[in-house]
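Tertiary structure, described
One letter stands for each residue in the lines below.
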Amino acid sequence: FGEDGVFLETFLLNVSPDMINPDVEVLSVKGCELTDSSLKRIGEFRKLRKLILNSNFLTDEGVINFIAPLKGLQSLSLFNNEISNVCIPHLLSMQS
């Protein structure tokens, strides 16, 4: 936590779109103090198969708006965030 988490979120929010590799398939950002604002940028990784977002400050709204549209995800970990059962139907709709 601390400065590293704040740095990562600031980077995600301000990095130029052409600097993001859209072919990333695995992304782990555990304990980085990410908020829903960060998820918008993570949602641009359309080829993600595995996403680990444990121990951040994510909410139902962020998961519904930015994670659920990632149809290629095969593995998603959201342990220790501020989410509830509200997002479960949206996540289940991701299954093929």
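Residues numbered from 1 in each chain as written. Predicted model: local features only at pLDDT ≥ 70, side-chain atom pairs only at ≥ 80, totals over all residues. Heavy atoms only, no water.

1. A few points about the nonpolar core
Using the following cut-off: By nonpolar core we mean a set of buried residues, namely Ala, Val, Leu, Ile, Met, Phe, Trp, Tyr and Cys, connected to one another through side-chain atoms within 4.5 Å. Each residue's exposure class comes from its accessible area (1.4 Å probe, protein chains only) as a fraction of the maximum for that residue type: buried when under 20%, exposed when over 50%, partly exposed otherwise. Working definition: helices are DSSP H or I runs of at least four residues, strands are E runs of at least two. Numbering for both runs from the N terminus. Only heavy atoms matter for contacts: two residues are in contact if any of them lie within 4.5 Å across the pair.
Ranked by size, the top nonpolar core spans 20 residues in total, and within it I42, L48, L51, L53 and I67 carry the most contacts. At the level of elements, α2 (36-42) and α3 (60-67) are the ones that each hand at least two residues to this core. Setting aside chain neighbours within four positions, we find I67 in contact with L39, L51, L53, G62, L73, L76, L91 and M94.

2. Side note on the environment of N81
Going by this rule: What qualifies as a polar contact is a pair of N or O atoms within 3.5 Å, subject to a donor-acceptor requirement within protein and to the restriction that residues adjacent in sequence count only when both atoms come from side chains.
Here N81 lies in the loop between β3 (75-77) and α4 (88-92). C-alpha of N81 to C-alpha of F57: the two residues are 24 residues apart in sequence and 5.4 Å apart in space. Among all residues touching N81, those that are not within four sequence positions of it are L53, N54, S55, N56, F57 and L58. A polar contact is formed between the side chain of N81 and the backbone nitrogen of N56, at a distance of 3.2 Å. In terms of polar contacts, N81 uses its side chain to reach the backbone carbonyl oxygen of L78, at 3.0 Å.

3. Examining the pattern of salt bridges
Put simply, the rule reads: Put simply, a salt bridge is a Lys or Arg side-chain nitrogen that is within 4 Å of an Asp or Glu carboxyl oxygen.
Under the counting rule described, the total for this entry stands at 2 salt bridges. Residue D23 is joined to K47 by a salt bridge in which the shortest nitrogen-to-oxygen separation is 2.9 Å. Taken together, the residues span a long stretch of sequence, with D23 in the loop between α1 (3-14) and β1 (26-28) and K47 in the loop between α2 and β2 (50-52) at a distance of 24 residues.

4. Here we look at the side chain of D60
Threshold: None of His or the chain ends enter the tally, which takes Lys and Arg as positive and Asp and Glu as negative.
Inspection of the secondary structure assignment puts D60 in helix α3. Despite its burial, D60 remains without a salt bridge, the nearest opposite charge being carried by K71 at 16 Å. If sequence neighbours within four positions are ignored, D60 has contacts with E82, I83, S84, V86 and C87.

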